[in-house]
Amino acid sequence: MSEQQAVDPRQDPHAQGRHDPDTKGHFGPYGGRFMPEALIGALDELSAEYDKARLDPEFTAEFTRLLRDYAGRPSLLTEAPRFAEHAGGARVFLKREDLNHTGSHKINNVLGQALLTKRMGKKRVIAETGAGQHGVATATACALMGLECVVYMGEVDTQRQALNVARMKLLGAEVIPVKSGSRTLKDAINEALRDWVTNVDTTHYLLGTAAGGHPFPVMVRNFHKVIGFEARAQFLAQTGRLPDVVTACVGGGSNAIGIFHGFIDDADVRLVGIEPGGKGIDTGEHGATLSEGTPGMLHGARSYLLQDEDGQTIEAYSISAGLDYPGVGPEHAWLKDTARAEYRSATDDEAMAAFQLLSRTEGIIPAIESSHALAGAIKLGKELGPEGHILVNLSGRGDKDMDTAAKYFGFYEES
Amino acid sequence: MGRLDPLFERTRGEGRGALIGYLPAGFPTVDGSVDLLKGMVDAGCDLVEVGVPYSDPVMDGPVIQAAAETALKNGFRLRDLFTVVEAVSAAGGQAVVMTYWNPVHRYGVDAFSRDLAAAGGLGLITPDLIPDEGADWIAASRAHDLDRIFLVAPSSSEERIALTTAASSGFVYATAVMGVTGARDAVGGAAAGLVERTRAHTSLPIGVGLGVRSGAQAAEVASFADAVIVGSAFVTRGTDAGVAGVRALAGELAEGVRSTPAPIG
Ligand SMILES: Cc1ncc(COP(=O)(O)O)c(C=O)c1O
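Quick summary incoming for the structure in this document. Remember, predicted model here, so these are calculated numbers, not experimental data.

**Describing the overall build of chain B**
Right, so step 1: Assigned secondary structure in chain B consists of eleven helices and nine strands.
Right, so step 2: Taking 2.2 N^0.38 as the reference for a compact globule, 265 residues should give roughly 18 Å; the C-alpha atoms of chain B span a radius of gyration of 16 Å, in line with that estimate.
Right, so step 3: Dimensions of chain B along its principal axes, counting C-alpha atoms only, are 45 × 40 × 30 Å.
Right, so step 4: Residues counted as buried form 62% of the 265 residues belonging to chain B.
Right, so step 5: For chain B, the computed accessible surface area is about 8,900 Å², with 53% contributed by carbon and sulfur atoms.

See below:
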């Protein structure tokens, strides 16, 4: 093990370290594998392949090359001074994951898992998607690497993210609208799991967030750590100091865990996740899993969950398809319980106000998901005042959200 | 001693496979499910699996998904499960419960085990709980004298079959095909191979489920397994033809499991 400890984890996102789960994937009491036996073999195979790959310099080199030459990394760190005037005058910096190829952070994880798919000799990839960003990223990587791609998407989401459905089809993926349950992200995952258990010999399930059975939470996190590592170095270079607060939106938790891990050992840097408050926490129509949920199992791991007294999942709600999920990745549950991270929520209205504000003050149209983090930053800035330094993970761009925004702001009625 | 040992001693003594029928509690209503389950017992099911309707049944195909949805829409609450199990037991049936893990976790593993045992239930089948994560269930099942029926699959390694069978009691559930629940025309060649691999690790009875819907298939499965497990086909018959429908199916399947001698386990 001394060989592995010699690797500086700041340089190498795949180095094993003290923030890794135990060998069975537990972060404290969370994580693990609450999965059918039929899938355990595939999870074992994936764990073994990832454990080999994470220590293989060739894999790391290929992944790094793709991130640079294909995804366009490093992504920029942009200060947002005109936006910051509305955030208590604190300095606000945006980590520009919206500028990545395909328009969000999702591409980081997808390129990593697509490379693993090839290493495992599998030819077919399935994925779930909510906002469509993960589906588009997966379809993109499959086109690049010559893999067959099937994307499950809740029927409600195929309607609110029609543009991304078209993008996936153009990229050669088959998009299957899911009509069961709430017809959103949760049900798309259910359907993808049903496909996986049927076709597991030939198929990799390319899960799009830091949730699910082990090894997905740790693996997806590690593929996204590049966000935090870059941001830390860029922040230091631009300001000569670290931020007071790092904030990110939390759906399943992948963009947040990626940026948080750049700062996890910097005890003075607060990590604040922003969950979807929907129509307001008291209305019950929200997706604030960590703020309002209780521990339980969904989709393969123990974590926080929106559930009723009987352990039935409560359907989440958010204006943003990518955050409309009643579960959350297990490491966030652990960061919450250990108080290393804090979790708050922003409502639809707060997120849409931030969406419009960033567009009008900085000329950057954010994803509605990321707008939740911006809404969080506005409040944090007011709390911190002009001395405050805030880093926001701008996890994606808002092109896909134009229809939702036009309806919300009444643009269609005006024209 | 497993709670189900006498049942399998009897069916083995009769030189036949046991017939196990599945139906979700609360489908279509709580009372309706009691009537259907009693009919299944009366017409030849040696054991019934009472399912817990769950919002996210990832191992189930469309038929059982729809049944769970119906039960939940009609107001099924977890406490109703114990009412159903109690009614089946009172009518002379034997029942185990099949459930996704989160409802049990939420209720409290020990409290759930206690209440199930009090209702006359004999054990739990846990499709998304592997023994590796099951320490609290293993403890509770011992405390309340319930059988632990874990699953093996065609994709299970020898090592996992060994671990899973060692943690099981009553019987071992072998999923015949890689896939979700639902009636199939052919039960699949993987089933016999899986049963054989599993026997190398345990003398527990082995039940085969996923896909069986006819007497002929039941006979085929009973030729290599100790129990034939039928789910979706009962739900479909119950939906289409109520108690008469499930009785007719149970009768046909009961004949099936008797028409071929079961192997000596
Ligand atoms: C732009 C963007 N941000 C955030 C998310 C939420 O996912 P996660 O919490 O895994 O980052 C999504 C999901 O679709 C997304 O598209």
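Alright, that's what it looks like, and here's the rest.
**Concerning the interface of chain B and chain A**
Right, so step 1: Each partner contributes to the interface: chain B provides 35 residues, whereas chain A provides 35 residues.
Right, so step 2: Each partner contributes to the roughly 2,900 Å² buried at the junction of chain B and chain A, and carbon and sulfur atoms together form 48% of this total.
Right, so step 3: By the criterion of area lost to chain A, the three top residues of chain B are Val 58, Arg 106 and Glu 133 of chain B, representing 21% of everything that side buries.
Right, so step 4: For the pair chain B and chain A, the number of links is five salt bridges.
Right, so step 5: Across the pair Arg 77 of chain B and Glu 309 of chain A runs a salt bridge, and its minimum N-O distance is 3.5 Å.
Right, so step 6: Viewed at the interface, chain A and chain B are joined by 23 residue pairs in polar contact (both at pLDDT 80 or more).

**Focus on the sheet that holds strand S7 (residues 172–175) of chain B**
Residues and elements named next belong to chain B.
Right, so step 1: Here nine strands make up an open sheet; going across it, the order is S5-S4-S3-S2-S1-S9-S8-S7-S6 and the pairing parallel. One side of each edge strand has no neighbouring strand; the edge strands of this open sheet are strand S5 (147–149) and strand S6 (151–152).
Right, so step 2: The pairing of strand S4 (residues 123–125) with S5 spans three bridges and is parallel. Residue Leu 124 lies in a different strand from S5, and its bridge partner there is Arg 148.

**Examining the packing of aromatic side chains**
All names here are of chain A.
Right, so step 1: In the structure shown here, the tally under the stated rule is 18 aromatic pairs over all chains.
Right, so step 2: Taken together, a centroid distance of 6.3 Å and an interplanar angle of 65° make the contact between Trp 196 and Phe 216 edge-to-face. You can see Trp 196 sitting in helix H9 (residues 185–199) and its partner Phe 216 sitting in helix H10 (residues 216–239), a full 20 residues away along the chain.
Right, so step 3: Owing to a relative accessible area of 1%, Trp 196 belongs among the buried residues under this scheme.
Right, so step 4: On the basis of relative accessibility, which here comes to 2%, the residue Phe 216 falls in the buried class.

**Regarding the state of the cysteines**
All names here are of chain A.
Right, so step 1: Under the definition given, this model contains zero disulfides over all chains.
Right, so step 2: The thiol of Cys 149 is not disulfide-bonded; the next cysteine sulfur, from Cys 142, is found 4.0 Å away.
Right, so step 3: For Cys 149, a relative accessible area of 5% translates into the label buried.

**Side note on unusual backbone geometry**
Right, so step 1: Cis geometry is adopted by the peptide bond preceding Pro 215 of chain A, which originates at His 214 of chain A and carries an omega value of 15°.
Right, so step 2: By secondary structure assignment, the location of Pro 215 of chain A is in the loop between strand S8 (203–205) and H10.
Right, so step 3: Cis geometry is found at the peptide bond from Phe 27 of chain B to Pro 28 of chain B, where omega equals -5°.
Right, so step 4: Counting through the fold element by element, Pro 28 of chain B comes out in the loop between strand S1 (18–24) and helix H2 (30–42).
Right, so step 5: Despite not being glycine, Thr 102 of chain A has its phi angle at roughly 75°, a positive value.
Right, so step 6: Residue classification places Thr 102 of chain A among the buried positions, given a relative accessible area of 5%.
Right, so step 7: Of note in this structure, Arg 183 of chain A is not a glycine but carries a positive phi near 55°.
Right, so step 8: With respect to the element layout, Arg 183 of chain A can be found in the loop between strand S7 (174–178) and H9.

**Notes on the side chain of Ser 104 of chain A**
Residues and elements named next belong to chain A.
Right, so step 1: Within the secondary structure, Ser 104 is located in the loop between strand S4 (91–96) and helix H5 (106–119).
Right, so step 2: Residue classification places Ser 104 among the buried residues on the basis of a relative accessible area of 3%.
Right, so step 3: Within the local environment of Ser 104, its side chain forms a polar contact with the backbone nitrogen of Lys 106, the two atoms lying 3.1 Å apart.
Right, so step 4: Setting aside its immediate chain neighbours within four residues, Ser 104 contacts Glu 97, Gln 133, Ser 395 and Gly 396.

**So, the site of the ligand**
Residue and element names in this part refer to chain A.
Right, so step 1: The environment of the ligand is formed by 19 residues, the closest being Thr 209, Gly 251, Gly 253, Ser 254 and Ser 395.
Right, so step 2: Here an oxygen atom of the ligand and a side-chain polar atom of Asn 255 are 2.8 Å apart.
Right, so step 3: At 2.7 Å from a nitrogen atom of the ligand is found a side-chain nitrogen or oxygen belonging to Ser 395.

**Examining the pattern of salt bridges**
Residue and element names in this part refer to chain A.
Right, so step 1: Scanning the model with the defined rule gives 51 salt bridges over all chains in all.
Right, so step 2: With its nearest N and O atoms 2.7 Å apart, the salt bridge here joins Asp 324 to Arg 160. Highlighted residues: Asp 324 in the loop between strand S12 (301–305) and helix H13 (330–337) and Arg 160 in helix H7 (residues 155–160), separated in sequence by 164 residues.
Right, so step 3: Take Asp 324: its relative accessible area is 3%, and that puts it in the buried class.
Right, so step 4: Counted as one network, the salt bridges with shared partners bring together Asp 20, Asp 51, Arg 54, Arg 221 and Glu 331.

**Digging into the environment of Arg 148 of chain B**
Residues and elements named next belong to chain B.
Right, so step 1: Turning to its location among the elements, Arg 148 is positioned in strand S5.
Right, so step 2: Assessed through its relative accessible area of 8%, Arg 148 is described here as buried.
Right, so step 3: As for Arg 148 and Arg 258, which are separated by 110 residues in sequence, their C-alpha atoms are 26 Å apart.
Right, so step 4: In this view, Arg 148 contacts Leu 124, Trp 137, Ile 138, Ser 141, Arg 142, Ala 167, Ser 168, Ser 169 and Phe 171; residues no more than four positions away in its chain are not counted.

Basis of the calculations
- Residues numbered from 1 in each chain as written.
- Chains lettered and ligands numbered in written order.
- Predicted model: local features only at pLDDT ≥ 70, side-chain atom pairs only at ≥ 80, totals over all residues.
- Heavy atoms only, no water.
- Helix = DSSP H or I, 4+ residues; strand = E, 2+ residues; numbered from the N terminus.
- Rg over C-alpha atoms; globule rule 2.2 N^0.38 Å.
- Buried < 20%, exposed > 50% of the residue type's maximum accessible area, 1.4 Å probe, protein only.
- Areas by Shrake-Rupley, 256 points an atom, 1.4 Å probe, with all protein chains shown as cover.
- Contact = heavy atoms within 4.5 Å.
- Buried area = accessible area lost by both parts, 1.4 Å probe.
- Salt bridge = Lys/Arg side-chain N within 4 Å of Asp/Glu carboxyl O.
- Polar contact = N/O pair within 3.5 Å; in protein donor to acceptor, adjacent residues only side chain to side chain.
- Pairing = 2+ DSSP bridges.
- Phe/Tyr/Trp six-rings, centres within 6.5 Å; stacked < 30°, edge-to-face > 60°.
- Disulfide = S-S within 2.5 Å.
- Near = heavy atom within 4 Å.

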